[in-house]
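Close look at the chain arrangement
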Amino acid sequence: MIRKNDTSYVVILILQAIGIACNFMEVLLTIKANIFTMIIKYLFSIIIPIIVIILTKKNIPLMEVENVVLAKFWLLFGNRKIAKQCLINLVTKYPENYQGHKILAEIYESEGGMRKAIDEYVQAIDSNKKDYDSYYKVAELLNQLDKKDEAAEMLFNLLQKKPEYYNATILLGEILIDKELYKEAANIYQDALKHNPESYDLNYNLGIVYTMLNDFQNAKICYEKAAQINSLSYMSKYSLAEIALIYKDIEEAEKYFMECLQDEELSADGYYELGKIELVKGNKDTAIKYINTAIDTNSKKIVPKVKKDPIFIPIIAKISIPFNLEENESTKKLEEKEIKAKEHLEEMFEITRHLSYNDIELLNYNKNKEKEELKEQDKNINEGRQLE
């Protein structure tokens, strides 16, 4: 400790001297020590020196233990200023100290100092390459600073080291979806499902990705799995209903839309879609009932749709359109990715509404044929590389 210029040894010597003095006074004055004095005596003169020797042999600086303990003590009582100073003193003397940088990063993060927190987390990673949580924290903070490319790079690196890191997959997927890199997001989610096949978020998000790629068959599989894992996932059921409409499966669409009526945010859309289905089936009275209920639920959302869609022309006179349009205030709001996927499905249904069953089958055949051709090309490329 003297060689390393660590003055903590002075405190240890003082404590040991106090312990020895207590023992000496006990012998000299023939005093029978109480239990408290006995504890102090053995703690100061024997236990603490042994702990110091063990720490020294493990190359753990006593100053680290002291400052980390003090920092946590002051944090416990809400004094971040003194806690930070203890840790700054520690990392100044020992720049490669992992614990000091990690706790200091957490303090800066809690205070909103994201850039300082990133610097400290990076220092912690340099000291401990297996600190995957700090990798994730850096990426999370970079994402909050709108540095999505840097965040994505950190997350890619993290998943190469620890592919099963769930939160890293979720965040990276969100970034890729936000950047509309849907194929890359699909690859990330598919790899993650090998480690967490029963994850609702992974299955649901992959369904969204396939939706945006117009791969509705795989999207359906993912939404069904998500709905199986979470029976209250009404957005999955709404997506399944729209996919059923695209493939002209009216009964399945009706079943899922009926379930969506239980969800406050989707109920207006559910009634609206059920109204269209009833018109297709020729049940005008039921259609009018559903559309009016949809308008009562959320007139601001539904009325513009009704006015825009020519399917309602035969019953428009019997639809109650209020003068003042109102929107219901639902407690849960759809995320941006969910809104995009929902609007995309609705738009695709409008595009395919007038297609026949044969047209749909032809589209599926062409899509499957294209996939097979791509697989064959990849296979030929890999075989060519092996020959080289």
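What counts, and at which threshold
- Residues numbered from 1 in each chain as written.
- Predicted model: local features only at pLDDT ≥ 70, side-chain atom pairs only at ≥ 80, totals over all residues.
- Heavy atoms only, no water.
- Axes fitted to C-alpha atoms, helices over the stretch in contact; angles between N-to-C directions.
- Helix = DSSP H or I, 4+ residues; strand = E, 2+ residues; numbered from the N terminus.
- Parallel < 35°, antiparallel > 145°, perpendicular 65-115°, else oblique.
- Left-handed = near helix turned anticlockwise from the far one by under 90°.
- Contact = heavy atoms within 4.5 Å.
- 1 Å grid on protein atoms, 1.4 Å probe; cavity = no way out; pocket = protein on both sides within 12 Å on 5 of 7 lines; lining within 4 Å.
- Points joined across faces, edges and corners; volume = space filled by probe spheres on them.
- Nonpolar A, V, L, I, M, F, W, Y, C, P; charged D, E, K, R; others polar.
- Expected span 1.5 Å × (residues − 1).
- Buried < 20%, exposed > 50% of the residue type's maximum accessible area, 1.4 Å probe, protein only.

A separate point is the packing of helix α13 (residues 234-246) against helix α15 (residues 267-280). Following both chains from N to C, one finds α13 and α15 inclined at 20 degrees, their axes separated by 12 Å at the closest point. Considering the angle they form, α13 stands roughly parallel to α15. As for how α13 packs across α15, the hand of that crossing is left-handed. When α13 is examined against α15, the residues Tyr 238, Glu 242 and Leu 245 are found in contact with a partner set consisting of Asp 269, Gly 270, Glu 273 and Ile 277.

By the element assignment, Ile 291 lies in helix α16 (residues 284-297). Separated by 23 residues in the primary sequence, Ile 291 and Ala 268 place their C-alpha atoms 8.7 Å from one another. Among all residues touching Ile 291, those that are not within four sequence positions of it are Tyr 271, Tyr 272, Gly 275, Val 306, Phe 312 and Ile 319.

Glancing now at the layout of surface pockets. Here the second largest pocket defines a volume of roughly 350 Å³. The biggest single contributor to the lining of the second largest pocket is helix α18 (residues 336-352), with 4 residues. Here the lining of the second largest pocket is composed, by residue class, of 4 nonpolar, 1 polar and 10 charged.

Another aspect to go through is α15. The terminal C-alpha atoms of α15, which comprises 14 residues, lie 20 Å apart, in line with the 20 Å expected from a rise of 1.5 Å per residue. Across the 14 residues of α15, 12 count as buried, placing the element largely inside the fold. Gly 282 lies just past α15 and shows a positive phi near 90 degrees.

Keep in mind that these numbers describe shape and distance, not what the molecule does.
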